[in-house]
Amino acid sequence: MDKQKFYLTTTLPYVNAELHIGHALEFVQSDTIVRYFRNKLGKENVFFNVGTDEHGQKIFNKAQEEGLELKPFVDKYAQRVMDFCKLFNVEYDNFYRTSDPKHHELAQVFWNKCNENGDIYKKQYSGQYCVGCERYLTDKELVDGKCPDHHTVPELKTEENYFFRLSKYRDPLLKWLEEEKAFVKPAYKMDELKKFISEMEDISISRLRENLPWGIEVPNDPTQMMYVWFDALTNYAIAVGYGTDEERFRQWWGPVQTCGPDNLRFQGAIWQGMLASAGLPQSEKLLVHGMVLGVDGTKMSKLVGNIVSPFEQEQKYGAETVRFYLLTGIPTYDDAAYKEDDLVNEYNSRLANNFGNLLNRVIHLANAKEVEMNNEVAVEGEFKATVDTYVNEINRLYEDYEIYLAGEKIDQLADYGNKYITTEEPWSKEKPEAQKILNNLSYLLKHVIAGYSPILPISCAKALEALEKREKLILFPKLEA
RNA sequence: CGCGGGGUAGAGCAGUGGCAGCUCGUCAGGCUCAUAACCUGAAAGUCGUUGGUUCGAGUCCAACCCCCGCAACCA
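For the structure given in this document, a descriptive report is provided here. Only a predicted model underlies this, so the values are computations on that prediction, with no experimental measurement involved.

Brief notes about the protein's contact with RNA strand B
Step number 1: Among the 44 residues in the neighbourhood of RNA strand B, the closest are listed as His20, Gly260, Asn263, Lys299 and Asn357.
Step number 2: At a separation of 3.0 Å, a sugar or linking oxygen of RNA strand B approaches a polar side-chain atom of Thr422.
Step number 3: For RNA strand B, a phosphate oxygen lies 2.8 Å from a polar atom in the side chain of Lys478.
Step number 4: When contributions to the surface near RNA strand B are tallied by element, the ones reaching two or more residues are helix 1 (21-41), helix 6 (189-198), strand 14 (292-293), helix 13 (340-369) and helix 15 (403-424).
Step number 5: The biggest single contributor to the surface near RNA strand B is helix 13, with 10 residues.
Step number 6: Residue composition of the surface near RNA strand B, by class: 12 nonpolar, 19 polar and 13 charged.

What about the sheet that holds strand 13 (residues 285-288)?
Step number 1: Read across the sheet, 6 strands follow the order 3-2-1-12-13-7 without closing on themselves; strand pairing throughout is parallel. Where the open sheet ends on each side, the last strands, each with one partner, are strand 3 (94-97) and strand 7 (184-185).
Step number 2: Of the strands in this sheet, strand 2 (46-52) and strand 3 are in contact with helix 3 (residues 70-87), which crosses strand 3 at around 155°.

Brief notes about the environment of Pro310
Step number 1: Looking at the element boundaries, Pro310 is found in helix 11 (residues 310-317).
Step number 2: Judged by relative accessible area, which is 0%, Pro310 ranks as buried.
Step number 3: Through-space distance from the C-alpha of Pro310 to that of His20 is 6.1 Å; in sequence the pair is 290 residues apart.
Step number 4: Excluding residues within four positions of it along the chain, Pro310 makes contact with Leu19, His20, Ile21, Ala24, Phe84 and Phe88.

A look at the pattern of salt bridges
Step number 1: Scanning the model with the defined rule gives 35 salt bridges in all.
Step number 2: One salt bridge connects Lys71 with Asp75, and the closest N-O pair in it is separated by 3.4 Å. Residue Lys71 and its partner Asp75 are located together in helix 3, separated by 4 residues, close to a single helical turn.
Step number 3: Between Asp75 and Arg97 there is a salt bridge, with the nearest N and O atoms lying 2.7 Å from each other. Pair noted here: Asp75 is in helix 3 and Arg97 is in strand 3, with a separation of 22 residues, a long-range link.
Step number 4: Residue Arg97 is classed as buried on the basis of its relative accessible area of 18%.
Step number 5: A cluster of three or more residues bridged by salt bridges with shared partners is formed by Asp31, Arg35, Arg38, Lys43, Glu91, Asp93 and Arg323.

So, the nonpolar core
Step number 1: By size, the foremost hydrophobic cluster in this structure holds 86 residues, and its most contacted members are Phe6, Phe84, Tyr338, Phe355 and Tyr452.
Step number 2: In terms of residues, this core owes the most to one element, helix 13, which gives 12 residues.
Step number 3: Residues in contact with Tyr452, not counting those within four places in the same chain, are Phe324, Arg350, Leu351, Phe355, Gly407, Ile410, Asp411 and Cys460.
Step number 4: Formed by 51 residues, the second largest nonpolar core is a distinct cluster that contains Ile205, Val218, Ala239 and Ala269.

A few points about the pairing of strand 1 (residues 6-9)
Step number 1: Alternating positions in strand 1 separate into two faces, Phe6 and Leu8 on one and Tyr7 and Thr9 on the other, with burial throughout.
Step number 2: Strand direction decides the pairing type here: strand 1 and strand 2, joined by 4 bridges, are parallel. What sits directly across from Tyr7, in strand 2, is Phe47.
Step number 3: Running through helix 1, the crossover from strand 1 to the neighbouring parallel element strand 2 is right-handed.

About the cut-offs
Residues numbered from 1 in each chain as written. Chains lettered and ligands numbered in written order. Predicted model: local features only at pLDDT ≥ 70, side-chain atom pairs only at ≥ 80, totals over all residues. Heavy atoms only, no water. Near = heavy atom within 4 Å. Polar contact = N/O pair within 3.5 Å; in protein donor to acceptor, adjacent residues only side chain to side chain. Helix = DSSP H or I, 4+ residues; strand = E, 2+ residues; numbered from the N terminus. Nonpolar A, V, L, I, M, F, W, Y, C, P; charged D, E, K, R; others polar. Pairing = 2+ DSSP bridges. Contact = heavy atoms within 4.5 Å. Axes fitted to C-alpha atoms, helices over the stretch in contact; angles between N-to-C directions. Buried < 20%, exposed > 50% of the residue type's maximum accessible area, 1.4 Å probe, protein only. Salt bridge = Lys/Arg side-chain N within 4 Å of Asp/Glu carboxyl O. Core = buried A, V, L, I, M, F, W, Y, C linked by side-chain atoms within 4.5 Å. Right-handed = clockwise from strand over helix to strand, strands pointing away.

Spatial relationships are all this shows, so hold off on functional conclusions.
Here it is as structure tokens:
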């Protein structure tokens, strides 16, 4: 990847249901990383892709359930995702929809490329087909040899599908990973990924059109449709010009991809195999965030009733607060329970008491003492060195995509400010001395604001304005527990 | 024996061989510029269990117990 260009893409959510808090985590983490790099490299050097995965059997079924035609159905859910982004200030550069005719065309280009390289072939496939489900069931899905949903014995059916020669890329990908030891984050996922890759078999990548009319047609074979995963994954390349603008593609390619733990196999193994087949360089990085668990520490599920809705959370606490908790209250790469009590504590302690309160102390005192602030040249050397050490560490953590740890460090910087102001007592000092102390603190605050700004873009813009205009405000009113 | 992660103060976590740490919460004191905020100090842990290696083990080895995720809608 061109060092000046930074390309990040989320996994496209599958639009057969409302977004849940886990999607919110991925979007908000991605947005934060992107915002950091926009600040660092300039807006024009960063590209952020999000979107929706809109094909496949499940969407076909769900649309029928809701009594909607396919297009209005996917439009409705895609709109919900866009609404979500707006609500949570997820500022994407491109919203990719796989139902877009342009995508259809270019996914076929990708298919053809793999085909030209000899990696696609036709094969008989036999399996247990459930008429009720209209799909093949795996042995593990069967309960007493019957479909768990329809309680019928599936029929043994054979169909001819296209297969992708994924097995061919086992060794090349393993070899690649030997050199790209930091490809996956967190590092402990690497063993799991290598295992997936070493066990890769050729996969079926098409379905009979008569079974699944909703999707992308296989090139030169109108009886077959692409399997949804094959079609959807190509978006990451197409989004930056694959098949349309080689120069643009070359400039941007090498994405940082974010995904959930259940997607490691697809993004880390299958997609990398597809890239290799199409003769493209591998992805740059795969960030696998943790699973957001229910308040009881177990997986969220409709049956248990511990589902958390990002829309409800936003209603209750506001977007910035929810962002703050998802980013700094939940470890970036570990599974963690979503606890509203923790959200409130985290917000009160770090934003209201530590950062917000310090901001007001400084503005209030500066006004009372009528002193100058925001003069970087006049910041005392030793104080500046201490702040800069924090700042360097914060930037290093962001660059290593460690949002949670960066948030912790920023909190420590604000904490240092509170200790400093208490020790120095500018309120009891004469004007020249008070000015020195408060100017030092304005320097510290600017860096706290800069540090938090990828996480809290709106609040930080307000905080900066308040500091510059010396207007006292309650940016973070305390929340009731 | 399907695969992976984890069990350390009330909660959440750090800590890969050398006197058990951090944040929140709790308690006491201080300060009073500030959003009843801030600062200082204290209490609180048989580091999942058992056994082993070692002068020394949260840290290494073995066995076992328990929790979570993936495999199967879903990030």
